[in-house]
Amino acid sequence: MLVNEKVAIEHGLKTDEYKKICELLKRVPNLTELGIFSAMWNEHCSYKSSRLHLKKLPTKGKKVIQGPGENAGVIDIEDGDAIVFKIESHNHPSFIEPYQGAATGVGGIMRDVFTMGARPIANLNSIHFGSTQHKKTKNLLRGVVHGIGGYGNCMGVPTIAGQTSFDRSYNGNILVNAMTLGLVKKNRIFYSKAAGLNKPVIYVGSKTGRDGIHGASMASASFDEKIEEKKPTVQVGDPFTEKLLLEACLELMAGDSIIAIQDMGAAGLTSSSIEMASKGNLGIEINLNKVPCRETKMTPYEIMLSESQERMLIVLENGKEDSAKKIFDKWNLDFSIIGKTTDSKNIELFFDNKQVANIPVNTLVENSPMYDRKWKKAKAPKKNKFKKEVYNELKVQDVLRKILSNPNICSKEWIWQQYDHTVMGDTIQKPGGDSGVVRVHGTNKAVAASVDSSAVYCWAHPLTGGKQIVAESWRNLISVGATPIAITNCLNFGSPENEDNMGEFVECVQGIGEASSYLDFPVVSGNVSFYNQTKEVGIKPTPSIGGVGLIKDYKKMMTMDFKEIDNLVLVIGKTEGHIDQSIFARTILDEKNGPPPEVNLFNEKNNGKSLLDLIEKGLVKSAHDISLGGLIVALSKMCIKGNKGIELNKPKNMINEIEYLFAEDQGRYIIEINPKNLKEVKKILTDNSIYHQELGVIIDKEMIINKKTKVTIDELKSYNTNWLTEYMSY
Amino acid sequence: MKSSVITFPGSNCDRDMDVALNKFGFKNKMVWHDDNELPKSDLVVLPGGFSYGDYLRCGSMASKSKIMHSVINFAKSGGLVMGICNGFQILVETGLVPGVLLRNKYLEFICKNVFIKLANKENTYFKNLDKDVLEFHIAHNEGNYFCSIDQLKEIEDNNQIAIHYCDDKGQTEEQFNPNGSIRNIAGIFNKEKNVLGMMPHPERMVDQSLSGEDGSIFFKNLINNMK
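Notes on the structure in this doc start here. (Residues numbered from 1 in each chain as written. Chains lettered and ligands numbered in written order. Predicted model: local features only at pLDDT ≥ 70, side-chain atom pairs only at ≥ 80, totals over all residues.)

Let us now look at helix H16 (residues 396-404) of chain A. All names here are of chain A. Among all positions of H16, only Val 399, Leu 400, Ile 403 and Leu 404 are buried. The buried residues of H16 all sit within an arc of 120° when viewed along its axis, so they share a single face. On its buried face, H16 sits against helix H21 (583-588), helix H23 (631-642), helix H24 (657-662), strand S28 (709-712) and helix H26 (713-728). (Buried ≥ 20, exposed ≤ 12 C-beta atoms within 10 Å, placed from the backbone. Helix = DSSP H or I, 4+ residues; strand = E, 2+ residues; numbered from the N terminus. Arc of directions from axis to C-beta. Contact = placed C-beta atoms within 7 Å.)

Quick look at the structure:
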């Protein structure tokens, strides 16, 4: 096929981008070369719309071993141990083919982690679906959950936490973000930077097929009515082969034969070979006839652009080929020497003894386009004035029932029961808590991880929303007694070519940056997913934050279940009564406008650190942060999990009971303490100038609110636990 | 006591089992599926996981592995062989224990704690246990035990049912059956009771900080019975 502007546009390139390619090459590219450019220059791989803004995120810190730019971020958890982690989106494929889309999302993120030499020890996910009334939602949810479970369970990596939400804005574009944590010795981390000339370039893993060709390009465009035609661009997962690949790679990594290693993810062999060459400032020469293919008569174009899963590219030390091959033979995986590193600084491809592509590596990477897209600053929404008479007509119990069974609040047990969350024998906090927690195998340490997003807040005011998710991630880690260390982010937005969407992106990123910088909670890895939109309608801005923290002594881990009758319950942080954008305002009052709750980073830091101090001193029996649904929802969950009740008396202050119970003010936690420690706890909180109030006492199996409202724990449970199961049973 | 845990391609509870066995005093060896001979063992464990991806039929490919000749001979000569989860599926495929394991009734993977009632204590695995009901953990997609009526009668006549799913009080009503197994069967012996296949994972219940400690009770009792 002859290459011209029309063909380039069909590849998703813009006219000026095509012109730039011709200028850089000083000639017209052939079809294979054009395919390579389109794969490297699409939004998904090049970050051309986001790079400029991502640069502003804080990425350094005392505990950061590796920030963004590698396969995943790496943090120090002391004693020579490190945690490798990252979150990544697989949104577009999951909408087209939910099982395979979600499964390969999980497979891809695990490969990113074990490419660096780490054994995956925990998976998390953040999944978002359209309205529960929408005809596709059930099938998409079922397919995605089966896909995540199908892959993660087979790999034998526990899925320890997650987040699920439903919102109309995802009707045409669901979100599937998968996160993996891996454990590695600090001095055994592997990177993707090639080094040395004439080093063998090795292909290992599954064979290359025609699946997933142009997957990354598909993920860089909006959906339209022809979406069904895109099914062939979805990759097909084989978790069994990935399990073998994991074991084989870790076995090879125990020796000293690897110079560089990179998984073949988005844009397959193209991006993996080019990234390794680019980081090493080298050239690379590949004989495509040597690439193991699953199908016959695959062309160079197809081989280079296939996104077949479970494949790795390795630059080996000379002379190590035979010993490396033995390992892959043992695990029944393909092992093929497909090329070598060169000093040409070009990527040179050969097929049937002919050169089929020759492109300077820097044109694909450094010279890739970068855009300063136009964006609009979001206006600060006006606060609503809610009439007290409206509140007076409401019965607390009715509101509580509706909110606890709201799809975005209800128990997600139907989902996480389908994920193996206990394999590997170190899961000490299962899904359903504030964070999932796994022990660092064979030590007294444990790692906590949480994944959070607040699309509604981000939509209402992106800057505040961006700060809020980081703060929430921080609180979720603190609530289990973990010291927050770093985050990974998955930035899911609409089209960057739309000024409003781009504005949401820019301001969310600014908010994330401000909060992570203030809380010393740097961003070490991440991924951007634009074009989550169908025709002109984009999703609500949905950045997901994956936070990771360390518990030095796992026996001090905190859980949220109420422990003992007669213990006292306190709330840390001030309740101002912020109702705008709360679940209460949106579902009970049907008021969708107004600003999200403000985020006071000073209070977040102070409250969080003080709570950690209380936990460290052994003064706290249970803890839970207050988030969606407000104080009463948080208390309900503590009651349900502990199978205990509470006699709650609203402290005497100005605000209305409804506002007190359902407001979503930030920076708050509920804690349970033994009455004998009240004085000491109050002293520590007062000394740190922390606003706190006594809420009540733990009692047996009933929640009594201000002496009037009485709900049994069994009723609370039925409100909270049944909705999703009933919804999903046909 | 010497134990061997077989690692098949796709096994993923092999390490967990190794940890548990060592914790309770076994000297455990990991054995590769492609080996010819079992090392000298008092107990052989087929661990959980997804051997060969469970692509053909759970346990089917693994049951034909090289090492399985040795394992089958060991079992036939009276050696203790325990298959957990995928290991149970493999045992079923070898014919060492009767029946088959179908997909769970609700067609979904289930990961949760369950209670099991011991049906038979006249064997090395459960002899001398004080408790009749234990809390174990399940994590499987194909644990729906099935066999023909004739087979069931034979199994019952020979006291081959090892454990039933139940509630915390030991009631074995259908509502406490997580996967649709016939008679709430969670585990089965061979006729001689030296081979045990069960879906629940005792190795995930060996630590106060994990799901519970009833697995510890099981392993401690097992090694004592073997002495």
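Right, picking up where we left off after that structure.
Grouped together as the largest cluster of nonpolar side chains are 293 residues, with contacts concentrated most on Ile 83, Val 84, Ala 446, Val 447 and Val 470 of chain A. Excluding residues within four positions of it along the chain, Val 470 of chain A makes contact with Ile 487, Ile 512, Ala 515, Ser 516, Leu 519, Phe 521 and Ile 545 of chain A. (Core = buried A, V, L, I, M, F, W, Y, C linked by C-beta atoms within 7 Å.)

With that out of the way, let us pick up the sheet that holds strand S22 (residues 568-572) of chain A. Residues and elements named next belong to chain A. Taken in spatial order, the seven strands make up an open sheet running S23-S25-S22-S26-S24-S27-S28, and their pairing is mixed. Because the sheet does not close on itself, it has two edges, and the strands there are strand S23 (622-625) and S28. This sheet shows a mean twist of 25° between the axes of neighbouring strands, independent of strand direction. (Pairing = 2+ DSSP bridges. Axes fitted to C-alpha atoms, helices over the stretch in contact; angles between N-to-C directions.)

Contact residues are listed per partner, giving 23 residues for chain B and 22 residues for chain A. For the side of chain B that touches chain A, the secondary structure elements donating two or more residues are helix H1 (14-23), strand S6 (110-118) and strand S7 (133-140) of chain B. Taken together, the residues of the side of chain B that touches chain A sort by class into eleven nonpolar, seven polar and five charged. (Nonpolar A, V, L, I, M, F, W, Y, C, P; charged D, E, K, R; others polar.)

So, about the sheet that holds strand S2 (residues 73-76) of chain A. Residue and element names in this part refer to chain A. Reading across the sheet, the six strands line up as S1-S2-S3-S6-S4-S5 and stay open at both edges, with mixed pairing between neighbours. Because the sheet does not close on itself, it has two edges, and the strands there are strand S1 (64-66) and strand S5 (159-166). Neighbouring strand axes in the sheet, compared pairwise and without regard to direction, differ in orientation by 20° on average. With two bridges connecting them, S1 and S2 associate as antiparallel partners. Bridge pairing in S2 links Gln 66 to Val 74. Strands strand S4 (119-129), S5 and strand S6 (175-185) of the sheet are contacted by helix H8 (residues 137-155), whose axis makes an angle of about 175° with S4.

In this section: helix H5 (residues 214-226) of chain B. Turn by turn, an α-helix covers 3.6 residues, leaving residues three or four places apart pointing in a common direction. Residues and elements named next belong to chain B. When the terminal C-alpha atoms of H5 are compared, their 19 Å separation across 13 residues agrees well with the 18 Å that a helix rising 1.5 Å per residue should span. Every buried residue belonging to H5 is among Asp 214, Gly 215, Phe 218 and Leu 222, and all of these are buried. Taken end-on, H5 shows its buried residues confined to a sector of 105°, consistent with a single buried face. Summarising the contacts, the buried residues of H5 are in contact with H1 and S7. (Expected span 1.5 Å × (residues − 1).)

For any two helices packed against each other, one specifies the crossing angle of their axes together with the interaxial distance. All names here are of chain A. Packing of helix H19 (residues 462-479) against helix H22 (residues 601-616) brings their axes to within 10 Å, and their N-to-C directions diverge by 5°. On the basis of their axis angle, the class for H19 and H22 is roughly parallel. Here Lys 467, Ala 471, Trp 474, Arg 475 and Ile 478 of H19 lie close against H22, whose contacting residues are Leu 601, Glu 604, Gly 608, Leu 611 and Leu 612. Tallied by class, the residues present in the contact of H19 with H22 amount to six nonpolar, one polar and three charged. (Parallel < 35°, antiparallel > 145°, perpendicular 65-115°, else oblique.)

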